[in-house]
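Commentary on secondary and tertiary structure
Here's the letter readout for the chains.
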Amino acid sequence: MKRTLSMLVASTVLATPLLAEDLSVVGSWSSLPLHNDFEAPFWNETLPAASGGKITVALTTHNQMNLGVGDVFRLLGDGVYDVAMTVADYAVADAPELEGLDVPLLALTADEARAMVDAARPMVEDIYNTRFNSHVLAIAPYPPQVVFCNGEIAGLDDLAGKKVRGSGRMTTLFLEALGAEGVNVAFSEVPGALQKGVVDCAITGAGSGYSAGWWEVSTHLLPIPLGGWDSVVTAINSDKWASLDAETQALITDQIATEFETPAWATAQGALDNDVACLTGNGACASGDARSMTLVEVSEADFAKAREVLVGKVLPDWAERAGGDWAARWNASVGQVVGVTIGG
């Protein structure tokens, strides 16, 4: 009798369907391809279908909610919504150690960026658990943050003396080490700032600059990843995650890795090549009309100087601000992948 009862209980557990779950999800910038091509289809269609309709999703984005970008993960940790995704750099005021995820100029291709992110992921998971009461589900890229200038430049040295809109603390520190002045300007205000000379140059993703019309107020494009790859973290509130049964957790983990994260990375390099072609007319543009910005070739001297500034100034500054053993953890993970040692 006991054996029969045990077998009945076991078979009932195995046959139990996923419990119905409603997820409130806040996505990244609604106007950009990462959201439209990957986030929205995944949360609105792919995951609900894979769950057999047991998971339902209410999706919006942080800009549609008029959230301050620095508040996205803070509010996630408070349980205001269940899942959120945005650029990790937006959260560094609360977690300076998070800057070690997206270091400028260490990854020049999408494959290199993916390897760097994979190496950093255990650190990122610990940071989100501790700082934002959340569990990391995925890390996906925006294309690398490149340099738009309204005026002639021939390379990295020509940024000296110019006012440049940066894209994060590390990038601003990097610009200052080059002799440029880092200026804080909201993305939506950049075209006017470039046109009026408030800034001489500005950093953002090539595709973002194309979509926002920066080519109308810029003449030269320097496609060096001076702002990193702007890694976008997707996380779920830890209390919500703990409330899900193991089967639901496994489904979400598998689906987001195979149907969102991997496809987003697979298109990242092609997206960069396309965006540069669209801005400069060098190559085929699949996104619309090609523009005629001057493409500035990045020299070996540019890369050598960038690496010198990075190793000598930017990373040691981050290690000091992050404190604790973060530099050692970074050296043993990301540093091993990219061949850089802080303090070595």
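Please refer to the structure higher up on the page.
Reading the values: the criteria
Residues numbered from 1 in each chain as written. Predicted model: local features only at pLDDT ≥ 70, side-chain atom pairs only at ≥ 80, totals over all residues. Heavy atoms only, no water. Salt bridge = Lys/Arg side-chain N within 4 Å of Asp/Glu carboxyl O. Helix = DSSP H or I, 4+ residues; strand = E, 2+ residues; numbered from the N terminus. Buried < 20%, exposed > 50% of the residue type's maximum accessible area, 1.4 Å probe, protein only. Bend = angle between axes of the 7 residues up to and from the residue. Contact = heavy atoms within 4.5 Å. Axes fitted to C-alpha atoms, helices over the stretch in contact; angles between N-to-C directions. Parallel < 35°, antiparallel > 145°, perpendicular 65-115°, else oblique. Left-handed = near helix turned anticlockwise from the far one by under 90°. Nonpolar A, V, L, I, M, F, W, Y, C, P; charged D, E, K, R; others polar. Core = buried A, V, L, I, M, F, W, Y, C linked by side-chain atoms within 4.5 Å.

1. Observations concerning the pattern of salt bridges
- Taken as a whole and assessed by the stated rule, the structure comprises 11 salt bridges.
- Glu99 is the salt-bridge partner of Arg321, the closest N and O atoms lying 2.8 Å from each other. One end of the pair, Arg321, is in helix H11 (residues 300–322); the other, Glu99, is in the loop between strand S3 (83–87) and helix H4 (110–132), and 222 residues separate them in sequence.
- Exposure remark for Glu99: the relative accessible area of 3% places this residue in the buried category.
- It is possible to trace a salt-bridge network through shared partners that takes in Asp71, Arg74 and Asp94.

2. Thoughts on helix H2 (residues 33–50)
- Maximal helix bending in H2 amounts to about 55 degrees, located at Phe42.
- If you check which residues of H2 are buried, you get Leu34, His35, Phe38, Glu39, Ala40, Phe42, Trp43, Leu47 and Pro48.
- The elements touched by buried residues of H2 are strand S1 (21–27), strand S2 (55–61), S3, strand S4 (134–141), strand S10 (231–237) and helix H9 (246–266).
- Directly beyond the C-terminal end of H2, a positive phi value near 70 degrees is found at Gly52.

3. Points about the packing of helix H5 (residues 169–177) against H11
- The contact between H5 and H11 brings their axes to 10 Å, and the two run at 130 degrees. By the angle class used here, H5 and H11 are oblique. Considering the relative orientation of H5 and H11, their crossing is right-handed. Taking contact as the criterion, the partners of Arg169, Met170, Leu173, Phe174 and Ala177 in H5 are, on H11, Ala306, Val309, Leu310, Lys313, Val314, Leu315, Asp317, Trp318 and Arg321.
- Class assignment of the residues belonging to the contact of H5 with H11 gives a composition of 10 nonpolar, no polar and four charged.

4. With respect to the nonpolar core
- Among the nonpolar cores identified, the biggest contains 68 residues, and Tyr128, Leu226, Val233 and Trp330 are the most heavily contacted of them.
- Examining the composition of this core, we find that 11 residues originate from one element, H4, more than from any other.
- Setting aside anything within four residues of it in sequence, one finds Tyr128 in contact with Phe73, Ala88, Leu98, Asn133, Ser134, Val136, Val233 and Ala235.
- Counting residues in each nonpolar core, the second largest holds 25 residues, with Ala138, Ile236, Leu251 and Ile256 among its members.

Just geometry here; none of it tells us what the structure is for.
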